[in-house]
Amino acid sequence: MKKLILISGLILMISCQEKSKLDPNVNPFFQDWTTPYEVPPFMDIKNEDYMPAFKKGMEENLAEIEVIIKNAEAPTFANTIEELERTGKLLSKVQRVFSNLASSNTNPKLQELQRELSPMLSAHYDKIVLNEDLFNRVEEIWNNRENTDLTKEQQKLLKDTRKQFVRSGALLNDSQKKQITEINSKLSELSTEFGQNLLAETNGFELILNKSDLDGLSDAVVSAASEAASQKMDQAESEEEKEKYKDKYVFTPHRTSMYPFLTESTRRDLREELYNSYVMRGDNGNETDNNDIAAQMAKLRAERANIMGHKTHADFILEENMLKTPDEVYDLLIQLWKPALKRAKVEVADMQAVADLEGKDFKIAAWDWWHYSEKVRKEKYDLDEAAIRPYLSLDNVIQGVFNTTNKLWGLNFREIFDIDSYHPDARIWEVTDKDGSHLAIFIGDYFTRSNKRGGAWMSSFKGQSNLDGRQRPIVVNVCNFPAPVGDNPSLLSFENAITLFHEFGHAMHGILTDVTYGSMAGTSGPRDFIELPSQLLEHWVSEPEVLKSFATHYETGETIPDELIEKLLKAGKFNQGFINTEYLAASLLDMDWHTMSEVDAQKISNNFEKNSMNKIGLIDEIAPRYRSTYFAHIFSGGYSSGYYSYVHAAVLDSDAFEAFKEVGNVFDPELSSKLRKEIYEKGSTEEAMDLYVNFRGRKPIIEPLLKIRGLDGSSD
Ligand SMILES: [Zn+2]
């Protein structure tokens, strides 16, 4: 293992040595990487190396599968399931590098490759998962499982492997398989159409204003709207169209344009107009209406679930999750729904009081919410974001999260400078355990840049496995924080700091993982569980003890004042009735769409959503976070029957953190080590609920979440 060398001349020499080990005439993916910790030799990989490596990787993968199938010996766990784990090494090697860089450091060539590769890869994986000979071997092992001596981890791997085949249709007869293929292809067409209609509907409305319509708007909002108008002018194809935008201000039903307007504008009539354009998207009875598409998709999904042997689509989806049945999901959502709605009604009353005091003669409506809640916020929860940033330089916050995991698990971080990264901003650390042994490589790529996609995420360049020796992972966090300006450091908002802790929580899941089989490592668990390790770590950044340990003013060195911390924590409870109500309404709507039997799905009425919302008593002042006709998560993304996952994970993380609160020490050694052993190390080697119960000693309860979000009545 290489140690950090402090003499710069030597660093250069080491780099040269490392580089010379790769043969420049051979594709780097076809060579062993002798870089420290097998960090990909980024500087040696060229755009044109990917496609040949993908092709060879897929070929090798299929050849390996052939060897497993052709094995004359009777199928066993070792010669089939375990061997499957060993297949596809080259493909994974190239795929990890490619998919990471295509997201964090892309270029036109990589984007083109992405489009080319996506159908190739899905056809490749279909060949494996629809391979009957392979499934027959798996099925034989499954049927004999009672007579074989498998560890708990092996039993779970066998179950998961088989399930993957079964969920792709392996148990169906040929005519059923054909039906499923047809349904899948129809669904994929409809979901694309849904997305395109939504785009057209969102782009199809503009609120074009004169200077005299801008009452209440701040300079920043006005100049963004004026900028939007001049962009329209530049794109205009005729003089007449140009004239339409001349000296005008444009707002659209995109949230980034709409929310500032709804918050600041004192023109109630215009707020109503813009708001309605947003909530009516896809529901205008024109050629881009999405009502019928949603209904057709629900029908097809119900039909597919029936063929697969499930009662409803939700049953089919939830089989994979921590909550296993629609009843369990409804139970959770309804339990949260009641206090959220109650709190929302208090918030309406607070806003009405402000409006009455202003002498306004109207009842608060949905389009008034942002404007009047902002007034309540200023009065009750005022927090100056700008006052916090100087305490949250990026380096401070990184140090904060390192300190936190050091106090929890004894981890140490050492920045490495003698390995080339894929971009100068992507920094590399070695993570060592409390006994000094190597745990992982961590790459942190924090600044926004034009060739990076938006948002923040965790991924890995190398997975973890103990199957053929101890293989430790290379994990990356990518964010879009503001780059430093001049000599000043990058200063984060508190929300950014939370994001950094969140992504680092995912990273910890990937770094601490310690399982035998790579496919079960780290973040491989169900959707309603995998946000637990990330959201849980967020709780530490709000602890005054933790904040004070790293949040020092970048100029004066002063520690963040108590008064500021207090305001910060109180502000977290603002508007939670609204936030939770709109979210839960959408989650319930998602469940209603997907718990229909095939028969019921045949007679979906136009009033489906209205009935669904009336049933739970949603108030007029709030619309679901997504109405059906623009609910892209469930009709053009992968979240059908899964939108509830976010709040489920929040129940888990609040309840898990409460364990530390109960013992009065957020770094309690016994709890920390249990948390590591039962949650962060285990990947998906056990059922997620079992893992949780092993840690907490019981199933999760919702009370800690209600308290944290101010839905326990304490804020009323
Ligand atoms: Zn996350």
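Counting starts from 1 at the beginning of each chain's written sequence and moves along it residue by residue. At least 70 in pLDDT is required for a residue's local features to be given in this predicted model, at least 80 for side-chain atom pairs to be given and counted, and no such filter applies to totals for whole chains, interfaces and linings, which use all residues. Excluded from the side-chain calculations are hydrogens and water; all other atoms, namely the structure's heavy atoms, are used.

A. Region of interest: the overall build of the protein. Counting from the N terminus, the helices are DSSP H or I runs at least four residues long and the strands are E runs at least two residues long. If you tally the helices and strands in the protein, you get 30 helices and 7 strands. On C-alpha atoms alone, the protein measures out to a radius of gyration of 27 Å, which is about the 27 Å that the 2.2 N^0.38 rule sets for 716 residues. Each of the three principal axes of the protein carries a C-alpha extent, and together these read 85 × 70 × 65 Å. Counting only residues that meet the buried cut, the protein has 53% of its 716 residues in that class. Contact between two residues is taken to exist if any of their heavy atoms lie within 4.5 Å; hydrogens are not considered. Contacts in the protein between residues far apart in sequence, at least 24 positions, make up 74% of those at least 6 positions apart. Working note: accessible area of the protein is about 32600 Å², and carbon and sulfur atoms make up 49% of it. Charged side chains in the protein number 83 positive and 115 negative. The centres of these two groups are separated by 2 Å. Note on method: radius of gyration uses C-alpha positions; expected globular size equals 2.2 Å times residues raised to 0.38. Burial classification: accessible surface area is computed with a 1.4 Å probe over protein chains only, and a residue below 20% of its type maximum counts as buried, one above 50% as exposed, and the rest as partly exposed. In this description, accessible areas are obtained by the Shrake-Rupley approach with a 1.4 Å probe, and a residue is regarded as covered only by the protein chains that are shown. For the charge count, each Lys or Arg is scored as positive and each Asp or Glu as negative, with His and the chain ends excluded. Lysine's charge is taken at NZ, arginine's at CZ, aspartate's at CG and glutamate's at CD.

B. Representation of the pattern of salt bridges in the model. Salt-bridge detection follows one rule: a side-chain nitrogen of Lys or Arg within 4 Å of a carboxyl oxygen of Asp or Glu. Scanning all chains against the criterion turns up 52 salt bridges. D445 serves as the salt-bridge partner of K452, at 3.1 Å between the closest nitrogen and oxygen. Judged by its relative accessible area of 7%, K452 is buried. Linking E609 and R627 is a salt bridge whose minimum nitrogen-to-oxygen distance equals 2.7 Å. Linking E609 in helix α25 (residues 608-616) with R627 in the loop between α25 and α26 (632-635), this pair joins segments that are 18 residues apart in sequence. Each member of the pair, E609 as well as R627, is classed as buried. Put simply, K152, K677, E678, K682 and E686 are held in one network by salt bridges that share partners.

C. Examining the domain arrangement of the protein more closely. For the protein, the assigned domains read domain 1 (8-167), domain 2 (205-279), domain 3 (291-381 + 575-643) and domain 4 (388-557). When each unit is reduced to the centre of its C-alpha atoms, the spacing between domain 2 and domain 4 is 39 Å. Domain boundaries shown here were taken from an automatic or database domain assignment.

D. Here's a closer look at the coordination of the zinc ion. All of the protein donors around the zinc ion are H502 (NE2), H506 (NE2) and E531 (OE); their distances to the metal are 2.1 Å. Read N to C, the donor residues that coordinate the zinc ion are spaced as H-x3-H-x24-E. Highlighted residues: H502 in helix α19 (residues 494-512) and E531 in the loop between α19 and α20 (532-541), separated in sequence by 29 residues. Look at H502 and you get buried, because its relative accessible area is 13%. Each metal's donors comprise the N, O and S atoms found within 2.8 Å of it (within 3.2 Å for Na, K or Ca). Water is not part of the atom list, so some coordination spheres may appear incomplete.

E. How the structure looks around the environment of Q576. Tracing the backbone through its elements, the reader meets Q576 in helix α23 (residues 576-594). Judged by its relative accessible area of 12%, Q576 is buried. Sequence separation between Q576 and R676 is 100 residues, and the spatial gap between their C-alpha atoms is 31 Å. Discounting chain neighbours no more than four positions away, the residues touching Q576 are E347, R709 and L711.

F. Local environment of unusual backbone geometry. If you check the backbone angles, D247 has positive phi at about 60 degrees while not being a glycine. Within the chain, S641 stands out as a residue other than glycine whose phi angle is a positive 60 degrees. When you line up the elements, S641 lands in the loop between α26 and α27 (645-662).

G. Quick look at the packing of aromatic side chains. Stacked, edge-to-face and tilted are the three classes for Phe, Tyr and Trp ring pairs, Trp counted by its six-membered ring, which pair at centre distances within 6.5 Å; planes under 30 degrees apart are stacked, over 60 edge-to-face, the rest tilted. By the definition in use, this model includes 41 aromatic pairs. The interplanar angle of 40 degrees and the centroid separation of 4.8 Å between the aromatic rings of W369 and F578 together place this pair among those described as tilted. Of this pair, W369 sits in helix α16 (residues 369-380) while F578 sits in helix α23; the two residues are 209 residues apart in sequence, bridging distant segments of the chain. By the burial criterion, W369 is buried, and F578 matches it. Ring geometry for Y643 versus Y646: centroids 5.7 Å apart, planes at 75 degrees, classification edge-to-face. Ring-pair connections join several aromatic residues into one group, and the members of that group are Y259, Y275, W367, W369, W370 and F578.

H. Representation of the packing of helix α8 (residues 174-203) against helix α13 (residues 291-307). α13 packs onto α8 with a crossing angle of 155 degrees between their chain directions and a minimal axis gap of 10 Å. Our classification of the angle between α8 and α13 gives roughly antiparallel. In this structure, α8 meets α13 at a crossing whose hand is left-handed. The segment α8 lies against α13, with Q176, Q179, I180, I183, N184, K186, L187, L190, S191, E193, F194 and N197 engaging I293, Q296, M297, L300, R301, E303, R304 and I307. Convention adopted: a line fitted to C-alpha atoms gives each axis, helices being fitted over their contacting stretch, and angles between N-to-C directions are expressed from 0 to 180 degrees. Oblique is the label for any angle not under 35 degrees, not over 145, and not in the 65 to 115 range, which are roughly parallel, roughly antiparallel and roughly perpendicular in turn. Left-handed describes a crossing whose near helix is turned anticlockwise from the far helix through less than a right angle; right-handed describes the clockwise counterpart.

I. How the structure looks around the confidence of the model for the protein. pLDDT measures the predictor's confidence residue by residue and takes values from 0 up to 100. Averaged over all residues, the pLDDT of the protein equals 94, while 97% of them reach at least 70. Taken as a whole, residues 1-20 scores under 50 in pLDDT and shows 23 contacts with residues more than four places along the chain or in a different chain.

J. The arrangement of the pairing of strand β4 (residues 426-432) in detail. Among the 7 residues that make up β4, 6 are buried, leaving the element largely enclosed by the rest of the structure. Only strands that DSSP links by at least two bridges are regarded as paired with each other. Where strand β3 (residues 412-416) meets β4, 5 bridges bridge the pair, whose relative direction is antiparallel. Considered in β4, the bridge of E415 is made with W429. Of the pairings in the sheet, the one linking β4 to strand β5 (residues 438-447) comprises 7 bridges and is antiparallel in character. Paired with R427 across the two strands is G444, which belongs to β5. Here β4 hands over to β5 after 5 residues, with G436 in that stretch at a positive phi of 90 degrees.

K. Highlighting the side chain of S493. Mapped onto the elements, S493 comes out in the loop between β7 (474-481) and α19. One polar contact links the side chain of S493 to the main-chain amide nitrogen of N496, over a distance of 3.0 Å. In this structure S493 touches E385, R389 and L392, once residues within four positions along its chain are discounted. Two N or O atoms form a polar contact when they lie within 3.5 Å of each other; inside protein one atom must be a possible hydrogen donor and the other a possible acceptor, and for residues adjacent in sequence the pair counts only when both atoms belong to side chains.

L. A look at the sheet that holds β7. Within the open sheet, the 5 strands sit side by side as β3-β4-β5-β7-β6. Their pairing is mixed. If you trace the sheet from one side to the other, it starts and ends with β3 and β6 (457-462), each paired once. The sheet shows a mean angle of 30 degrees between the axes of neighbouring strands, direction not considered. Contacts from α19 reach β3, β4, β5, β6 and β7 within the one sheet, and its direction differs from that of β7 by about 170 degrees.

M. Just α8, in detail. Compared with the 44 Å implied by 1.5 Å per residue over 30 residues, the 44 Å span of α8 between its first and last C-alpha is a close match. Its buried side turned inward, α8 meets α13 and α26. Taking the backbone nitrogen of S175 as reference, a side-chain oxygen 3.1 Å away marks N173 as the first, capping residue of α8. Helix span is expected to be 1.5 Å times the residue number reduced by one.

N. Molecular detail of the nonpolar core. Residue types Ala, Val, Leu, Ile, Met, Phe, Trp, Tyr and Cys, when buried and joined through side-chain atoms within 4.5 Å, form a set referred to as a nonpolar core. L500, W540 and W593 are the most contacted members of the largest nonpolar core, which totals 158 residues. Looking at this core, the element that brings in the most residues is helix α15 (residues 326-357), giving 13 residues. The contact partners of L500, leaving out residues within four places of it in the chain, are L394, V397, I398, V401, Y446, F481 and L492. Counting 35 residues, the second-largest nonpolar core is a separate cluster that includes I45, I416, A426 and V476.

O. Structural detail: the side chain of R137. Assignment of secondary structure puts R137 in helix α6 (residues 132-143). Despite being buried, R137 has no salt bridge partner; E73 is the closest side chain of opposite charge, sitting 7.0 Å away.

P. Representation of the environment of G410 in the model. Inspection of the secondary structure assignment puts G410 in the loop between α18 (394-409) and β3. With a relative accessible area of 18%, G410 lands in the buried category. Sequence separation of G410 and D592 is 182 residues, and the distance between their C-alpha atoms is 46 Å. In this structure G410 touches T405, T432, D433 and K434, once residues within four positions along its chain are discounted.

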